[in-house]
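The lines below spell out each chain.
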Amino acid sequence: MIEQFSRPVEALGKETAKKELHELEAILERANKAYHLDDEPFLTDAEFDALKRRAFDIEKKYPELKELFSPEFMLGARPNERFERVNHAVRMLSLGNGFSDENIADFVERMRSYLGLAAEAPLPCTAEPKIDGLSLSLRYENGVLVQAATRGDGAVGENVTENARTIADIPQKLTGAPDVLEVRGEVYMSHEDFAALNARQLEKGDKPFANPRNAAAGSLRQLDARITAARPLRFFAYAWGVLSEPLAATQFGSIKRLKALGFQTNPLTKLCESLPEMLAHYRAIEAQRATLGYDIDGVVYKANDLALQARLGFRSTTPRWALAHKFPAELAWTRLEKIEIQVGRTGALSPVARLTPVTVGGVVVSNATLHNEDYIAGRDSKGEEIRGGKDIREGDWVQVYRAGDVIPKVADVDLARRDPGAEPYTFPHLCPECGSEAIREEGDAVRRCTGGLICPAQAVEKLKHFVSRAAFDIEGLGAKQVEAFYKDGWVKEPADIFTLQERFGSGLQQLKNRDGWGEKSAQNLFDAIAEKRAIPLAKLIFALGIRHVGESSAQLLATHYLSWDRFVDAMTTAGPCEGAEWDELLSIDGVGETLGRSVVSAFHDGPERDAILRLAAHLTVQDATPPSSESPVSGLTVVFTGTLERMTRAEAKARAEALGAKVAGSVSAKTNILVAGPGAGSKAKKAADLGVKVIDEDTWLSMIGAT
Ligand code: IVH
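This text gives an overview of the structure that appears in the document. (Residues numbered from 1 in each chain as written. Predicted model: local features only at pLDDT ≥ 70, side-chain atom pairs only at ≥ 80, totals over all residues. Heavy atoms only, no water.)

Attention now moves to helix α25 (residues 649–658). Taken together, the buried positions of α25 are occupied by Glu651, Ala652 and Ala656. Projected down its long axis, α25 carries its buried residues within an arc of 130 degrees, all on one side. Buried-residue contacts for α25 involve α4 (101–115), α11 (306–312), β23 (637–641), β24 (662–664) and α27 (697–703). The first or second residue beyond α25 is Gly660, which carries a positive phi of 95 degrees. (Buried < 20%, exposed > 50% of the residue type's maximum accessible area, 1.4 Å probe, protein only. Helix = DSSP H or I, 4+ residues; strand = E, 2+ residues; numbered from the N terminus. Arc of directions from axis to C-beta. Contact = heavy atoms within 4.5 Å.)

And the structure:
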C-alpha cells in the first residue's frame, strides 16, 4: 500500500503532488475509518504516520495545495459523525457584530426604542472579552456534570462529555446549584500552551495547528478522551441554557453566581452604567489584548437586567440584548498571483484572488475575495470611486485583511509596485465553467451564469447546499462526497441521492472499491440517506437552494403553506406574479417581491421545476406546524393603532408574531382584531364599519397571557 509513495517529495511536480495528496487523503481517511469505526485496521501505526508525514511534506512544498484537502485527518480530529448528537433544548445562538462606536450607540438605541425607554434612560450593560475559542454547553443535574455538548449548528451539537471531563476548569460537581443547570462558555487554549503543543507536534512530525482556536477545537473533538486530557484546554463560563431556577436577576449577578459555584469567569467582565463606560471598557480591554495570554477578538455587551433580556428576545439567530464589538481587522501585504472566477449555486460569478501565502493575524491566507467586477475596477455599486478609483490587476501588490471568521478580503493596492506591463483585468462575460452567457441584470452588482442546471458548477454547488447542515444534513455525505459523486456521474441532482442504493443494488462493489468506502460505511451511507427521506417542509424548501430563500424565509413559507402539496400548488398558481395566490404570497410578513419572484420562478415549467418534482417523489414531506397553535391569537390578523402604553410597537409586533399572529399595518376585511390605544383615529372607525373586533391594550395583554 505504501510502496506507491516512494518517490522523493522534492522530485514531485505540482500535478503529481496534487494527485498524490488526493490519494493520500483517501487512504488516510479510509485507514481512519477502518481503525475507529470498523475496528479493522489495515495500516500499522508506523505506516499511517509515514503517510501522514508525506502528505504534510507535500503540503510544505506546495502550500497552495493545502486548501484543497481536508485537514481533518491531519489534525487527528475525528469527523463529526463519530460523535453522538445532542439536541440543545435552548438553542446556542450566535451574536450580531458591531465594528465602530457608532454601531454600539445604535445597538443601545435600538434596545431603548424597542423597550420604549427614553433616550437618556439608564440601560446598564455588561462588557466582557469575546474569547476566540469554541462554545460548549455543560449540563449539571443535581450538581453533577452529566453532559457536555459542542454548539454544532446551534440546535444539535456533538456529545463530548468524556473529553470535557478532562478539562481542569470544568467542575465535575457543584454545591448549591439549581437542580438543572446548563452552563455555557468558551473552551480555549492559552498562547503558552499552544506554543508548547505545536513544538510537541513538530517533534513528533505532526502538523502544527494554525492558531490556538484550531488547536482547542481539534483537541476537544477527539474520539479518544486521553488525547484531550493531554492537551491543556481551559474554559470561561459566560452564559447559560436550561435552568430549573434563575441564577440571579441580572447578567452580572448570574456571572458572579457561576463564579461562586466554581467556574472560571473572565476577570475583565464589567458592569457599565452608560454607553461611554462601555466604550471605555472596550478600549481598556483592547489595550490589554496582547498581554492577556489568550486570543480574544472583541468585546461582548449584554443588557444587564434579565427581565429586559427576556422582553428583548431574539431575531432569528441572534439576541437583541447582546452584541459583539469586534476589534479592527488585521492587515498584511502580498502579491496577487491570479484572479480566478468561481461560480456559485445561483450562478453568481465571484472573483477570487489567489495570493502568495501570507500570515494575517496568525493565519496563513492564500485566497481572498474580490467581491465583484466593480470592486476590481475600483467602483462601488453606485458607480462611485473606491480606493481612490484604483483598479486591481493580476501581479499587483495588494493589502489583505481578515476580521474574525470572515473570508479574507483584498482591501487596497500599491500602484508604486505595479508592473508597468500589467493589463487591466477583464471580467468574463461567459461562464468559465459551462460557457453560457453570464449577464448582469440592472441594479445587480453580480454577473450570473445563465446556464442553470446545465452548468456543472451551479449543479455541484446546489448539491453541496442540499446536503449541508441546515438542509438535508446526511451523515457521511458532505460537500466533498457529493462533489466526487457528481464528477463520477452518479449524482447529478438531489433526486439521484435517493436512488443511489437502488442503482448500486447488490453491486455495492462499485462504491466499495472507491477510495474511502468500505462495505460498512457504504451501508451506513444508504441508511443515513433513507433516514432523511422524511423531511420537515421548511428544511426541504431551504434545501432547494432557491436564490434569496434562506433558512428563515423557508420557515416563513413553511409555516404559511403548511404542506408540500399546498406550497407547490400555490407557487405554481402564483407564477404569473399577479392574482390572488401571488397577493397571498406577498402578504406573508417577511416575503417581498424579490423573494416572491425568485420562488415562483423555480416552479415555472422547466428543468428546475422538473428536478424539484423528481426529488419530492422520493420524499415524505412532514407538514409544518403553525406557530404556537395553542396560543389564543395564533393565525389571527392583528392591527395596532393609537399609543401603546405598556410596550413599544416593535415589541408588541414581535410578541404577537411569536404567538403566531399576523400583524398588519392597515385594517381590512381580513383583520380579526384591532388593538386600539389612546388617540386611535381612522383605523378604529374603519374597524367599526367593517365589524372588526376592537380591544384596548390591557385586554390584548391579558388575551396573550402577558402581565
Ligand atoms: S454570549 C446568546 N459571551 O462568540 C449569546 N459569547 O459570535 C450567547 N463567545 O457562539 C453568547 N466569548 O462561542 C458570549 N463572552 C462571550 C463570548 C461569546 C466568545 C462566542 C460564543 C458565541 C460566539 C458568537
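Additional details are given in the paragraphs that follow.
A few words now on the site of the ligand. The full set close to the ligand counts 14 residues, and Glu128, Ile131, Glu186, Tyr238 and Lys302 are the nearest of them. Lys130 places a polar side-chain atom, nitrogen or oxygen, 3.3 Å from an oxygen atom of the ligand. Protein contacts shield 87% of the accessible area of the ligand, which totals 530 Å² for the unbound molecule. Every element with two or more residues in the shell around the ligand is listed here: β3 (125–131) and β10 (296–303). Looking at the shell around the ligand, the element that brings in the most residues is β3, giving four residues. Counted by class, the shell around the ligand contains eight nonpolar, two polar and four charged residues. (Near = heavy atom within 4 Å. Polar contact = N/O pair within 3.5 Å; in protein donor to acceptor, adjacent residues only side chain to side chain. Areas by Shrake-Rupley, 256 points an atom, 1.4 Å probe, with all protein chains shown as cover. Nonpolar A, V, L, I, M, F, W, Y, C, P; charged D, E, K, R; others polar.)

Right, let's talk about the pairing of strand β25 (residues 673–676) for a bit. Looking along a regular strand, one sees the side chains alternate between the two faces of the sheet. Side chains Ile673 and Val675 project from β25 onto one buried face, and the interleaved Leu674 and Ala676 project onto a second face that is buried too. The sheet contact formed by β23 and β25 spans four bridges and is parallel. Following the sheet pairing, Thr641 is matched in β25 by Ala676. Handedness of the crossover joining β25 and strand β26 (residues 693–695) through helix α26 (residues 682–690): right-handed. (Pairing = 2+ DSSP bridges. Right-handed = clockwise from strand over helix to strand, strands pointing away.)

Moving on to the side chain of Ser137. As for its position among the elements, Ser137 is in strand β4 (residues 134–141). Taking the relative accessible area as the measure of exposure, Ser137 reaches 5% and is therefore buried. Here Arg184 takes part through its side chain, which lies 3.0 Å from a polar atom of the side chain of Ser137. Discounting residues that sit within four places of it in the chain, Ser137 has contacts with His88, Met92, Gln147, Ala148, Ala149, Glu182, Val183 and Arg184.

Next up on the list: the sheet that holds strand β9 (residues 270–272). Taken in spatial order, the five strands make up an open sheet running β2-β13-β10-β3-β9, and their pairing is mixed. Taken across any chain shown, the strands that pair with only one partner, and hence form the sheet edges, are β2 (97–98) and β9. In the sheet, β2 pairs with strand β13 (residues 322–326) via two bridges, with the strands oriented parallel. Paired with Asn97 across the two strands is Ala324, which belongs to β13.

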